[in-house]
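# Structural characterization, general
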Number of protein chains: 2
Amino acid sequence: MPSPSFPLLAIDWGTSSLRGARIAADGQVLEQRGFARGILSVPASGFEAVLDECFGDWRAQSARCLVSGMAGSRQGWTEAPYCPCPAGFAELAAQLAWVPGARSPVAIVPGLSMDQGGLPDVMRGEEVQIFGAMQLGGQSEGLFVLPGTHSKWAQAAAGRVTGFRSFMTGEVYALLSQHSILARTLNAEAPFDEAAFVQGVARARDAGGLLHHAFGARALTLFGQLDADRMASYLSGLVIGAELQGAAPRPDAPVVLIGSELLSARYALALEVHGVASRRLGAEATWAGLHALARTLD
Amino acid sequence: MPSPSFPLLAIDWGTSSLRGARIAADGQVLEQRGFARGILSVPASGFEAVLDECFGDWRAQSARCLVSGMAGSRQGWTEAPYCPCPAGFAELAAQLAWVPGARSPVAIVPGLSMDQGGLPDVMRGEEVQIFGAMQLGGQSEGLFVLPGTHSKWAQAAAGRVTGFRSFMTGEVYALLSQHSILARTLNAEAPFDEAAFVQGVARARDAGGLLHHAFGARALTLFGQLDADRMASYLSGLVIGAELQGAAPRPDAPVVLIGSELLSARYALALEVHGVASRRLGAEATWAGLHALARTLD
């Protein structure tokens, strides 16, 4: 017996990873797969081949494929526009970028852009997670935080993203932990140390800023006050703490965290240090967002 | 005719460079040399050999050799102590670490340490520059800023360093400009662009912090508002600006900058954006400090 067809192949194609799900008409996520095939590993003309290699079987059975994330960037498959904020779900749906010449229909979701006093900001992929989270939570406003290489803090009101800010947190953590002087006394294999992490977050609240506190981690090491097993967690707390200093969340405004369980747990802990409550969502937000967009095409 | 002997071979041996001067009894700097032979390039038992390779002729003519900088660290030649702040010139002179078994007398100058509410900070080499600058300027108090890989802001009063703070500024700039996503759109060969630098310093004064502003540099690029030729200067302004945000200098307290001409000029410009006056000193501060220390040995 042939397996029943299902309407949507949902794809989240980021810089360093490729994830997909096949989704039933009612939104149920039937199956998921993930690959280390981010857009940086794909040659310019190789996107359709990689998609088929990873999801060809599912694609053959689905009416359409919706893709969010960096696959819509200039270095991606097909460039999708940025919808300027404030932007709602309708604007996203109206500006899907259909991939020309694809073997079966593939559309790429636009990103969002932001202008704050002449200074731009951008996101690609997170907008789908935010609208998905709003769907799942039955919520039309709030503060959404998406931790990652380039974390996003987005404000929503009346079902629209009214503004957002990005932070180079994950990337700076990777640089400091792998390539700075701190790397010499950092055991990247050590298990997460909650106390050291919270200590880092608390330190980030003091005057001086990240550049001062990062050197301070070195000085702690020199005086035997911070060992290599705790350094990674402490530094993670310093950098995520610096993001929180910049984002300045308010204790009376709870936050929705969307991201990997591991990273969201750290952010929840850091937000707790700031007295800010949070709840967490994972990949389900992505799939809910892409499913909702697909429904607008019926 | 043999050249006349002179009393001091003064050496500043840092992480990435080795500089030396021969100095007359009256403090006059007779000659200087510099090499890319920082302590990281020297094997543990190779310090005396490298010193002789670079300065053997001068050493043969001098009564003694005084060394400041990272040569006194655990990874250096002979570990010198840290003098805890507040510390004066006398404490430095009293705790010189004589290199055991050296062919002719070599002493390494101690560093300074600092304890701020249980959090340590350290310097090695800058203390000699600060005391040298005080000598040269006939000044016993003030705010001294030493730009570099790990910049130092030191406060002096009554001829003593009362406290200081370090910032990982140069190192973070190098990481961001060489290894972050910004490196892709940064022309490291482009000449310094003063306007872009000042723009970066000004941006660093806005809310959000370095992690946000660094991503903002990426967004400016995406929208064609920042080209590769201006990126290096803009980023330099952002990072030095972040240091200034952390150090929070006061407009009524002028600063003495000690360091390379190129870097000091940038800091002077950044301080100007903050309304802070500055004057600049270079290597002469190092030589004046080492000469003053040598005189205490007579």
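Further up the page is the structure itself.
Only a predicted model underlies this, so the values are computations on that prediction, with no experimental measurement involved. (Residues numbered from 1 in each chain as written. Chains lettered and ligands numbered in written order. Predicted model: local features only at pLDDT ≥ 70, side-chain atom pairs only at ≥ 80, totals over all residues. Heavy atoms only, no water.)

What follows deals with the overall build of chain A. Counting its regular elements, chain A contains 9 helices and 15 strands. The C-alpha atoms of chain A give 20 Å as radius of gyration, which agrees with the globular expectation for 298 residues (19 Å, within 12%). Oriented by its inertia axes, the alpha-carbon framework of chain A measures out at about 65 × 40 × 40 Å. Within chain A, the fraction of its 298 residues that count as buried is 57%. Once local pairs closer than 6 in sequence are excluded, the contacts in chain A between residues at least 24 apart make up 63%. Of the charged side chains in chain A, 22 are positive and 27 negative; the average position of the first set lies 2 Å away from that of the second. (Helix = DSSP H or I, 4+ residues; strand = E, 2+ residues; numbered from the N terminus. Rg over C-alpha atoms; globule rule 2.2 N^0.38 Å. Buried < 20%, exposed > 50% of the residue type's maximum accessible area, 1.4 Å probe, protein only. Contact = heavy atoms within 4.5 Å. Lys, Arg positive; Asp, Glu negative; His and termini not counted. Charge placed at Lys NZ, Arg CZ, Asp CG, Glu CD.)

A few words on helix 6 (residues 209-222) of chain A. All names here are of chain A. Over its 14 residues, helix 6 extends 20 Å from the first C-alpha to the last, a length consistent with the 20 Å expected when each residue adds 1.5 Å. Extensive coverage of helix 6 is indicated by the burial of 12 of its 14 residues. Taken together, the buried positions of helix 6 are occupied by Leu-210, Leu-211, His-212, His-213, Ala-214, Phe-215, Gly-216, Ala-217, Arg-218, Ala-219, Leu-220 and Thr-221. Gly-224 sits one or two residues past helix 6 and shows a positive phi near 70°. (Expected span 1.5 Å × (residues − 1).)

Residues and elements named next belong to chain A. The contact between helix 4 (residues 169-179) and helix 7 (residues 228-247) brings their axes to 10 Å, and the two run at 145°. Crossing of helix 4 over helix 7 shows right-handed handedness. Residues Thr-169, Val-172, Tyr-173, Leu-176 and Ser-177 of helix 4 pack against Ala-232, Leu-235, Ser-236, Val-239, Ile-240 and Glu-243 of helix 7. Taken together, the residues of the contact of helix 4 with helix 7 break down into 7 nonpolar, 3 polar and 1 charged. (Axes fitted to C-alpha atoms, helices over the stretch in contact; angles between N-to-C directions. Left-handed = near helix turned anticlockwise from the far one by under 90°. Nonpolar A, V, L, I, M, F, W, Y, C, P; charged D, E, K, R; others polar.)

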